[in-house]
Amino acid sequence: MAMSSIPIPSDTFKLGFIGAGKMAESIARGVVTSGVLPPSRIHTAHLGTHRRDAFQSFGISVFDHNHQVVEECDVIIFSVKPQIVKEVVSELRPKLSAKQLLVSVVAGTKLKDLQEWAGHDRFIRVMPNTPAAVGMAASVLGRTATEEDGELIERLFGAIGKVWRANEKLFDAITGLSGSGPAYMFLAIEALADGGVAAGLPRELAKGLAAQTVLGAASMAVNSGKHPAQLKDDVASPGVQQLLAFMSWRKVDFVAP
Ligand code: NAD
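First, a word on what this report is: a plain description of the structure on this page. Everything numeric here is computed off the predicted structure, so don't read it as measured data. (Residues numbered from 1 in each chain as written. Predicted model: local features only at pLDDT ≥ 70, side-chain atom pairs only at ≥ 80, totals over all residues. Heavy atoms only, no water.)

### Observations concerning the overall build of the protein chain
Put simply, the test is: The secondary structure listing takes helices from DSSP runs of H or I that are at least 4 residues long and strands from runs of E that are at least 2 residues long, numbered from the N terminus. Working definition: with a 1.4 Å probe on protein chains only, accessible area under 20% of the residue-type maximum means buried, over 50% means exposed, and in between means partly exposed. In what follows, a contact means two residues having at least one pair of non-hydrogen atoms within 4.5 Å.
Scanning the protein chain for helices and strands turns up eleven helices and eight strands. The buried share among the 257 residues of the protein chain stands at 40%. Sequence separation of 24 or more characterises 62% of the internal contacts of the protein chain that already satisfy a separation of 6 or more.

### Details of the packing of aromatic side chains
Basically, it comes down to this: Only Phe, Tyr and Trp rings are paired, with Trp represented by its six-membered ring, and only when their centres lie within 6.5 Å; those with planes under 30 degrees apart are stacked, over 60 edge-to-face, the remainder tilted.
For the structure on display, the rule yields two aromatic pairs. Where Phe-78 meets Phe-123, the ring centres are 5.8 Å apart and the plane angle is 35 degrees; that geometry is what we call tilted. One end of the pair, Phe-78, is in strand 4 (residues 75-78); the other, Phe-123, is in strand 6 (residues 123-127), with 45 residues separating them in the sequence. Residue Phe-78 shares its accessibility class with Phe-123, and that shared class is buried.

### Here's the deal with the layout of surface pockets
Applicable threshold: Using a 1 Å grid laid over the protein atoms alone, points where a 1.4 Å probe fits but cannot get out form a cavity; open sets with protein on both sides within 12 Å along at least 5 of 7 lines form a pocket; any residue with an atom within 4 Å of a point counts as lining. Grid points are joined across faces, edges and corners, and a volume is the space filled by probe spheres set on the points. For this classification, Asp, Glu, Lys and Arg are treated as charged, while Ala, Val, Leu, Ile, Met, Phe, Trp, Tyr, Cys and Pro are nonpolar and the rest, including Gly, are polar.
In this structure, the second largest pocket spans a volume of roughly 850 Å³. Around the second largest pocket, the lining is made up of 31 residues, and of these Gly-19, Gly-21, Ser-79, Val-80 and Lys-81 lie nearest the centre. For the lining of the second largest pocket, the secondary-structure elements that each account for two or more residues are helix 1 (22-33), helix 4 (82-92) and helix 7 (171-179). With five residues, helix 4 is the single largest residue contributor to the lining of the second largest pocket. Among the residues making up the lining of the second largest pocket, the classes are represented as 14 nonpolar, twelve polar and five charged.

### Details of the sheet that holds strand 7 (residues 137-141)
For the record, the criterion: Here, any two strands with at least 2 DSSP bridges between them count as paired. Under this scheme, a helix contributes an axis fitted over its contacting stretch, all axes are lines through C-alpha atoms, and angles between N-to-C directions fall in the 0 to 180 degree range.
Spatial ordering of the open sheet is given by 3-2-1-4-5-6-7-8, a layout of eight strands whose pairing is mixed. In this open sheet, the two edge strands, each paired with only one partner strand, are strand 3 (61-63) and strand 8 (161-165). The average angle at which neighbouring strand axes cross in this sheet is 25 degrees, direction not considered. Relative to strand 5 (residues 101-104), strand 4 is paired through four bridges, and the arrangement is parallel. Across the sheet, Ile-77 pairs through a bridge with Val-103, a residue of strand 5.

### Points about the side chain of Thr-146
In plain terms, the rule: Each polar contact in these results corresponds to two N or O atoms within 3.5 Å; when the atoms are within protein, one needs to be able to donate a hydrogen and the other to accept it, and residues that are neighboring in sequence are counted only if both atoms are side-chain atoms.
Checked against the element boundaries, Thr-146 lands in the loop between strand 7 and helix 6 (147-158). Judged by its relative accessible area of 19%, Thr-146 falls in the buried class. A polar side-chain atom of Thr-146 sits 3.0 Å from the main-chain amide nitrogen of Asp-149.

### Let's talk about the site of the ligand
To keep it simple, the criterion reads: By convention in this text, a residue qualifies as near a molecule or strand provided that one of its non-hydrogen atoms is within 4 Å of it. Working definition of accessibility: Shrake-Rupley area with a 1.4 Å probe, residue cover restricted to the visible protein chains. Occupancy of a cavity or pocket is assigned to a molecule whenever over half of its atoms lie within 2 Å of that pocket's grid points.
Near the ligand, the surroundings consist of 21 residues, among which Lys-22, Met-23, His-46, Asn-66 and Val-80 are the closest. At 2.9 Å from an oxygen atom of the ligand is found a main-chain nitrogen or oxygen belonging to Lys-22. The side chain of Asn-66 places a nitrogen or oxygen atom 2.9 Å from a nitrogen atom of the ligand. Expressed as a share of its isolated accessible area of 820 Å², the protein-covered part of the ligand is 76%. Most atoms of the ligand, that is more than half of them, are within 2 Å of grid points of the second largest pocket. When contributions to the shell around the ligand are tallied by element, the ones reaching two or more residues are helix 1 and helix 4.

### What about the pattern of salt bridges?
Here is the rule: When a carboxyl oxygen of Asp or Glu is within 4 Å of a side-chain nitrogen of Lys or Arg, the pair counts as a salt bridge.
If you walk through the whole model with that rule in mind, you get 14 salt bridges. Here Lys-226 and Asp-234 are joined by a salt bridge, their closest N and O atoms 2.9 Å apart.

### Overview of the pairing of strand 7
When you tally the buried positions in strand 7, you get five out of five residues, the bulk of the element. The side-chain alternation of strand 7 yields two buried faces, one formed by Ala-137, Ser-139 and Leu-141 and the other by Ala-138 and Val-140. Sheet analysis places strand 6 next to strand 7, joined by two bridges and oriented antiparallel. Following the sheet pairing, Val-126 is matched in strand 7 by Leu-141. When strand 7 meets strand 8, the two strands line up parallel, connected through five bridges. Looking across to strand 8, one finds that Ser-139 is bridged to Val-163.

In structure tokens, the structure reads:
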């Protein structure tokens, strides 16, 4: 297997995405918005028009073929669906060189399999989430080929949110919590807003209040140093506890008193 410690040039490296989907777009948007890389140093490929427009709208050039991304880029993020990652990595194998650093954000696909399909040891698993698009990702890095490679990827994902490192055996649990977590929160926001509408609020006001309340609560959970249970008890007066339990995680037919 190819193994190299040739450093990735941190001031000039080009970043490529194989799989121009939602996750790739979120990372690319975050990287561009945070100013870490200009769009001219980011590439992806796709044949359809819809995804092409999404990337081109913030200045990223979109090739027609995956191999063009590999030929152009030093750091390559595989962001295709798990069902096709083996086929996609294996197909690109002849084009990969030891000078390149590979990253996978694919859920449920083990590092050793990725390395085997690519014939390439210099591979890092990362589990990000879509709030990357607004600089608020929660990302976890697995084992890194070299410390230098780890630091580069940590800086890249650090520019679009917070980064942790964890053993790969924890990745399925991480995928369930933070990788998929934004979906639970969107559901909670929708449920809160629906509850507000059911209680008589205009839809726009209810949506705004619900989203801002979740944002504010999350910010307190991150910044206050208090346990979430303590923060919840600080809000809840006697009698309100039942309401919280009643509404928790469900769309409820809220009847205004
Ligand atoms: P997606 O369906 O939006 O993106 C996948 C993209 O790959 C699509 O645009 C598709 O057209 C493209 N594609 C299909 N076949 C291809 C091929 N042969 N070559 C190149 N591109 C091809 O999915 P997504 O939500 O962006 O997820 C992508 C990966 O990111 C998945 O493996 C998922 O596990 C991981 N991930 C997603 C999230 C998330 O919140 N969406 C979070 C963490 C990790």
